[in-house]
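These are the residues of each chain, in order.
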Amino acid sequence: MAGNVTSLFRDGAGAGPVDFRVPGNPYFPTPGMFDELAARLRGIVTSCPSDTDTVTAELGALLHLPPQCVAVGHGTTELITWIDHVLVRESLAVPVPTSGRWTGRPAVTGKRVDMFPLQEADGFALDLDRYAGFLRARGSRAAVVCTPNSPDGGRPRRERLVRFLDAMADLDLVVVDESYLEFGDAEPEPSVAQEAVLRPNVIVLRSLGKSLGLPGVRLGCLAADPALAGRIRSVLPRRNLGSLAEHVVSLLRDHGPAYARSRDRLREDRRDMTARLTTLPGLTVYPSQADFVLVRLPVGAEGTVVRDRLLTGHRLLVRDCGDKIGSSSRFLRLAVRPQADVRRLVPALEQVLYDSVPTAGSGYSSGTPTVDRLIGETSGAGLRLTGPGSDVAAPRPAVPAPAVGTGIPLPAAVPPMPVAPPVPAPVTPWAPAASTPPGVPARGGLTAAQVRGTVRPVETRPRKEDRPWQNTGT
């Protein structure tokens, strides 16, 4: 899919597809708040923003943190860039799959990235004891824990995470990325920000733009010990936030109850979305504490094909995980959306994955390579099933029927073309395609050795926004 997908949403109001790709909060700001923002927009964008210290103090009060323990950035991406540049010296450990910001940015700046593979068989759950052992074995000097993690939405219990922080007190740095924490409901107070300010080597990251439903307004913050937070503040431009981002902070201050209600509604939507997705046979749905849900497609399904067919045939935009180290395109990360949107997604997924009635000479593709191969290599070659107006013929022993519950249908009967005199065609036994090893990208990507962290990924040219030395102007 060439081009920038965001352009699909700029053809006019309501013209774009339904976006299940970018997580966010569809219930905040409220329509009334957007009306207020529209009325004040001219004054907001034509005024200079306050200095960063003013915004930091206001945000610290909202988070119940001392202002000297807070640093505010132009999104968490800016803060991660400076954390890597200032605080990560030689190596960084990170569980994979996870956000590409943590696997890509340190490698670009020459750090050794020690990748701890999360196991698909364990639902990608992070075992903090095993992770600690990995850190000791590799000699990693800094570590990252994303809670909830992207793309699976899983997170460790708070008490276990605090024990992990205590055990890693000798490391140079431990970063707890809580970018998607706002929508969890497993614990009443899951954040460890209050613990971070008491430890000299711990930073907690928070993303505000997406959780407030305004991903286009880049706004993030970190909480840390005053000395650690001060080192980051010292390299940030004095006015690194625009007036619109400053206004977003005031929205959180003035509309706290509405924001709390929006989180409750999104949690309810996540439960509904998970329940509806689990009705699709062969689709594995992972439990999530974030504003997205990870699903594994049925055996043989190719995520890029499913993604493209959902967009072109149903105007639904989804994200496949083939570009994430430790994952493959067999996985989709689906942003939580209101229930009306999910009622469009589920039947569309069902049609793309399971409707595979071939049309002669049409170049039909079901969107699932295994199904297409099964149809192409057996239709008209002796495999005939029961159906209206057709006879029953026993399948050839060399063609095994798919297992029940895999979500892969058998092909419909297609009468062979008449040939005179009849000449028996050679029959090639069908063999299933080789499956992708767990944790290895299906389409290119890194080798298993690189996923385990024994080989550093090939460095790529950093994007302009990832080059802090070129972004220090006010």
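Please refer to the structure placed before this passage.
What counts as what
- Residues numbered from 1 in each chain as written.
- Predicted model: local features only at pLDDT ≥ 70, side-chain atom pairs only at ≥ 80, totals over all residues.
- Heavy atoms only, no water.
- Phe/Tyr/Trp six-rings, centres within 6.5 Å; stacked < 30°, edge-to-face > 60°.
- Helix = DSSP H or I, 4+ residues; strand = E, 2+ residues; numbered from the N terminus.
- Buried < 20%, exposed > 50% of the residue type's maximum accessible area, 1.4 Å probe, protein only.
- Lys NZ or Arg CZ within 6 Å of the ring centre and 35° of its normal.
- Axes fitted to C-alpha atoms, helices over the stretch in contact; angles between N-to-C directions.
- Parallel < 35°, antiparallel > 145°, perpendicular 65-115°, else oblique.
- Contact = heavy atoms within 4.5 Å.
- Nonpolar A, V, L, I, M, F, W, Y, C, P; charged D, E, K, R; others polar.
- Left-handed = near helix turned anticlockwise from the far one by under 90°.

S.K.: What should I look at first to understand the packing of aromatic side chains in this one?
M.R.: Centre-to-centre distance and the angle between the planes together describe a pair of aromatic rings. Enumeration according to the criterion identifies eight aromatic pairs in this entry. Arranged with centres 5.6 Å apart and planes meeting at 75 degrees, the rings of Phe124 and Phe331 form a pair that is edge-to-face. On the criterion of sequence distance, the pair formed by Phe124 in the loop between strand S4 (112-117) and helix H5 (128-138) and Phe331 in strand S13 (residues 331-335) is long-range, its members being 207 residues apart. For the pair shown, Phe124 and Phe331 are each scored as buried. Plain terms: the ring middles of Tyr286 and Phe331 are 6.3 Å apart, the flat faces sit at 40 degrees to each other, and that makes the pair tilted. In this pair, Tyr286 is assigned in the loop between strand S9 (284-285) and strand S10 (292-296) and Phe331 in strand S13, connecting sequence segments 45 residues apart. Grouping residues by exposure puts Tyr286 and Phe331 together as buried. Among the aromatic side chains, those forming a connected cluster through ring pairs are Phe116, Tyr131, Phe134 and Phe164. One cation-aromatic arrangement involves Arg333 over Phe292; the distance from NZ or CZ to the ring centre is 5.0 Å.

S.K.: Could you clarify how one ought to interpret the packing of helix H3 (residues 76-86) against helix H8 (residues 226-235) in this entry?
M.R.: When two helices pack together, their arrangement is captured by the angle between the axes and the distance separating the axes. It is at 10 Å that the axes of H3 and H8 come closest, and there the two elements cross at 105 degrees. Accordingly, the angle class assigned to the pair H3 and H8 is roughly perpendicular. Facing Leu79, Trp82, Ile83 and Val86 of H3, the residues of H8 in contact are Arg231, Ile232 and Val235. Here the contact of H3 with H8 is composed, by residue class, of six nonpolar, no polar and one charged.

S.K.: For this particular structure, what's the right way to read the packing of helix H1 (residues 31-45) against helix H9 (residues 243-254)?
M.R.: Running from N to C, H1 and H9 point in directions that differ by 145 degrees, and their axes come no closer than 11 Å. Note on packing geometry: the crossing formed by H1 with H9 is right-handed. Here Met33, Leu37, Arg40 and Ile44 of H1 lie close against H9, whose contacting residues are Ser243, Leu244, His247 and Leu251.

Fair warning: the whole summary comes from geometry, so function is off the table for now.
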